[in-house]
Amino acid sequence: MAAGGCFQSRQGTRAMALVATAVILASCCQAFLSASPQLRSRTSTGNLAGSTGPSARPSHLQPSQVSMAAGEEIEISIGVSGLWLQLALALLPTLVIELIVESEKSRPRTREYVLNSEDQISIQIPFQIGNWEAARQNPDRVWKTLAGLLDSSLLRRLQGSLFVLNAVSAFVLFYTVLLVPQGYPLISLQTLPFTLSSFALGLLLAYRANQATLRYIKARDIWGDMLNICRDLTQMSSQWARYEDFVDFARWVPAFPASLMYALRNPEAHDLAQELREAAGPDLSKTGAGAGLSEEEIQLIVNRPKGMLAHHYVTHILRTKIKLMDLPLEQRALMENNITRLINDCGACENIFATPIPVAYSKHTTTFLYLWLFFLPWALEGSLGVGVVFAQQLLSFFLLGIEDIGVQIEQPFDVLPLKKICFKIANEGQIVRSSFAPLEEAARLSRIAGHKQAERMPA
């Protein structure tokens with residue numbers, strides 16, 4: 001309840017700040033109109049709205065002059081009302097975005113978010129059958145996508161940028177409507193430079209988004225390969241090694257992806273020791289073959305030699321255990337090859353993690369985009385009027401959204417569901433270890449049934 005009260009208080013404070021800003025801006029505009037030379041020459045009192053009381057009129061004015069002055073005062077009042085209306089329209093995008101964002105913040109969180117992202121970058125949900133059916137269902141998917149804007153964290157991430165750009169377009173609008181008639185120079189840009197540069201801007205954004213997507217896809221493929229390798233290692237050891245060696249080796253296999261996930265994410269997001277405990281499988285209460293690493297083994301990984309990464313330490317232990325199995329050369333070579341593949345995947349992940357898209361390219365794209373949107377209202381105001389505010393906000397949302405999505409997925413290990421992949425490896429490993437005898441018995445019975453079926457077949 002206290003948290004809810006704090007949220008409502010913060011929401012009310014921000015709403016009041018926006019309203020106060022609107023009032024201050026309108027008051028400044030009204031004061032400016034009151035002080036303008038043209039209006040001072042039209043009114044005898046110097047006030048914007050004027051006064052219609054007898055005491056406010058000079059005694060030497062004729063009735064016709066009084067009537068003319070009153071008409072001018074009414075015209076000025078109508079102008080101020082129109083100013084208020086335009087001000088409200090100019091700030092409408094900011095007010096609407098503020099209401100949507102605050103409403104989205106109040107909803108319960110049902111997804112997992114990247115650490116230190118203020119619940120603004122969500123981790124990808126592994127799709128199931130229901131997710132795919134909903135994703136291709138027409139026309140519901142369209143309406144759900146549009147309605148999802150109200151729950152999207154993207155709008156919250158772009159709120160600051162959209163507010164600044166809204167302020168710029170509002171300033172351009174009021175400069176043209178308010179200051180230019182007072183004698184200030186008209187500032188207007190041609191649309192041709194924006195038309196020509198939009199092609200280059202589109203290429204920059206598309207290339208950056210494509211490169212970020214390729215990094216995301218490559219990281220996903222690498223972790224998919226590690227999932228298959230871990231399955232293969234567990235099954236190989238179960239068939240080729242002694243039972244005790246198989247159980248001992250299979251308990252260490254899920255420790256590799258858990259250790260690698262720890263290295264590829266913010267250390268504050270995961271506790272290495274706890275991740276290694278959970279690598280035992282979903283049922284942490286199991287004992288015997290179904291149990292995971294012991295506390296002593298977990299501490300060996302945590303207190304590994306200085307300078308050695310946890311996942312490198314695990315691969316070293318796995319190689320050592322393969323050597324101690326005394327397997328035939330061919331079988332050992334196959335298992336060693338899988339360890340080599342794990343090390344290759346590990347190096348590929350470290351390469352993606354340590355090498356972003358060239359920083360100069362990213363900075364240049366961001367600078368180009370923001371300056372392009374910053375100066376755009378000066379070219380559109382003459383043809384759109386107050387509509388320049390909405391046109392710029394719409395373009396800004398889509399273009400900044402493309403750029404921001406590229407930023408989110410450029411480091412793919414934060415947004416990929418690595419925890420789910422580690423859980424799947426641990427779950428399957430625990431099932432094979434704890435169900436080894438039933439699995440062997442099922443294979444034996446299947447072999448007997450196959451022989452009987454073969455004997456019934458005519459020669």
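A look at the overall build of the protein
Of the regular secondary structure elements, the protein holds 18 helices and zero strands. Per-residue burial for the protein yields a buried fraction of 37% across its 459 residues. In the protein, the proportion of contacts linking residues at least 24 apart, taken out of those at least 6 apart, comes to 80%. Counting only carbon and sulfur atoms, one obtains 63% of the accessible surface of the protein, whose full area is about 25,600 Å².

Regarding the nonpolar core
In terms of nonpolar packing, the biggest core is built from 59 residues, with Trp223 and Ile301 touching the most fellow members. Looking at this core, the element that brings in the most residues is helix α7 (residues 192–240), giving eleven residues. With 25 residues, the next largest nonpolar core counts Ile97, Leu205, Leu369 and Ala379 among its residues.

Observations regarding the packing of α7 against helix α8 (residues 243–252)
Packing of α7 against α8 brings their axes to within 8 Å, and their N-to-C directions diverge by 170°. Here α7 lies roughly antiparallel to α8, going by the angle between them. Only Phe246, Phe249 and Ala250 of α8 make contact with α7, whose side of the interface consists of Leu233, Thr234, Ser237 and Ser238. Along the lines of polarity and charge, the residues of the contact of α7 with α8 split into four nonpolar, three polar and no charged.

Here we look at the environment of Phe397
Looking at the element boundaries, Phe397 is found in helix α15 (residues 387–410). Residue classification places Phe397 among the buried residues on the basis of a relative accessible area of 16%. Taking C-alpha positions, Phe397 is 7.2 Å from Leu162, a pair spaced 235 residues apart along the chain. Not counting residues up to four positions away in its chain, the partners in contact with Phe397 are Leu149, Leu154, Leu155, Leu158 and Leu162.

Digging into the layout of surface pockets
Approximately 540 Å³ is the volume attributed to the second largest pocket. In terms of lining residues, the second largest pocket is bounded by 21 residues, among which Pro126, Arg220, Pro417, Ile421 and Lys424 are the most central. When contributions to the lining of the second largest pocket are tallied by element, the ones reaching two or more residues are α7 and α17 (418–434). The leading source of residues in the lining of the second largest pocket is α7, at eight residues.

Examining the packing of α7 against α17
The description of two packed helices rests on the angle between their axes and on the distance between the axes. Taken N-terminus to C-terminus, the directions of α7 and α17 make an angle of 10°; their axes are 10 Å apart at the nearest point. With respect to α17, the axis of α7 lies roughly parallel. Residues Trp223, Met226, Leu227, Cys230, Arg231 and Thr234 of α7 touch α17, and the partners they reach there are Leu418, Ile421, Cys422, Lys424, Ile425, Glu428 and Val432. Its residues placed into classes, the contact of α7 with α17 shows nine nonpolar, one polar and three charged.

Topic: the environment of Ser197
Note that Ser197 resides in helix α7. Expressed as a C-alpha distance, the spacing of Ser197 and Phe368, which sit 171 residues apart in the sequence, is 9.6 Å. Once residues lying within four places of it in the same chain are set aside, the contact partners of Ser197 are Phe368 and Trp372.

With respect to helix α6 (residues 153–179)
Its 27 residues place the ends of α6 38 Å apart at the C-alpha level, agreeing with the 39 Å of an ideal helix rising 1.5 Å per residue. At Gln159, α6 shows its largest kink, close to 50°. Burial of α6 is extensive: 20 of the 27 residues sit out of reach of the surface.

Focus: helix α9 (residues 255–264)
Counting along an α-helix, one turn takes 3.6 residues, and residues three or four places apart therefore face a common direction. Along α9, eight of the ten residues are buried, which leaves the element largely enclosed by surrounding structure. The set of residues buried in α9 consists of Ala255, Phe256, Pro257, Ala258, Ser259, Leu260, Met261 and Leu264.

Section: the packing of aromatic side chains
Summed over the entire model, instances satisfying the criterion amount to eleven aromatic pairs. For the pair Tyr243 and Phe246, a centre-to-centre distance of 6.2 Å together with 55° between the ring planes defines the contact as tilted. Placement of the pair is Tyr243 and Phe246 together in helix α8, with a separation of three residues, close to one helical turn. Classification of Tyr243 as partly exposed rests on a relative accessible area of 38%. On the basis of an interplanar angle of 45° and a centroid distance of 5.2 Å, the ring pair of Tyr243 and Phe436 is categorised as tilted. Of this pair, Tyr243 sits in helix α8 while Phe436 sits in helix α18 (residues 436–456); the two residues are 193 residues apart in sequence, bridging distant segments of the chain. Among the aromatic residues, those joined into a ring-pair cluster are Phe171, Tyr175 and Trp378.

Rules of the game
- The numbers attached to residues start from 1 for each chain and follow its sequence in the written order.
- Owing to the predicted nature of the model, reporting of local features is limited to residues with pLDDT of at least 70; listing and counting of side-chain atom pairs is limited to 80 or more, with chain, interface and lining totals taken over all residues.
- The side-chain quantities take in all heavy atoms of the structure and omit both hydrogens and water.
- Here a helix means four or more residues in a row that DSSP labels H or I, a strand means two or more in a row labelled E, and each is numbered from the N terminus.
- Throughout this description, buried means an accessible area under 20% of the type-specific maximum (1.4 Å probe, protein chains only), exposed means over 50%, and partly exposed covers the range between.
- Working rule for contacts: check all heavy atoms of both residues, and any pair within 4.5 Å makes them a contact.
- Computed with the Shrake-Rupley method and a 1.4 Å probe, the accessible areas treat only the protein chains shown as cover for residues.
- Residues belong to one nonpolar core when they are buried, are Ala, Val, Leu, Ile, Met, Phe, Trp, Tyr or Cys, and are joined through side-chain atoms within 4.5 Å.
- The axes are straight lines fitted to the C-alpha atoms, using for helices just the contacting stretch, and the angles between their N-to-C directions are given from 0 to 180°.
- Should an angle fall under 35 degrees it is taken as roughly parallel, and over 145 as roughly antiparallel, whereas 65 to 115 is taken as roughly perpendicular and any remaining angle as oblique.
- Under the convention adopted here, Pro, Cys and the residues Ala, Val, Leu, Ile, Met, Phe, Trp and Tyr are nonpolar, Asp, Glu, Lys and Arg are charged, and Gly plus all remaining residues are polar.
- With a 1 Å grid laid over protein atoms only, a set of points is called a cavity when a 1.4 Å probe fits there but cannot get out and a pocket when it is open yet has protein on both sides within 12 Å along at least five of seven lines; lining residues have an atom within 4 Å of a point.
- Grid points are joined across faces, edges and corners, and a volume is the space filled by probe spheres set on the points.
- Each helix should span, by expectation, one fewer than its residue count multiplied by 1.5 Å.
- Working definition for bend: take the seven residues up to and ending at a residue and the seven starting at it, fit an axis to each, and measure the angle between the axes.
- The criterion for an aromatic pair is that two Phe, Tyr or Trp rings (for Trp, the six-membered ring) have centres within 6.5 Å, with stacked assigned to planes under 30 degrees apart, edge-to-face to planes over 60 apart and tilted to the rest.

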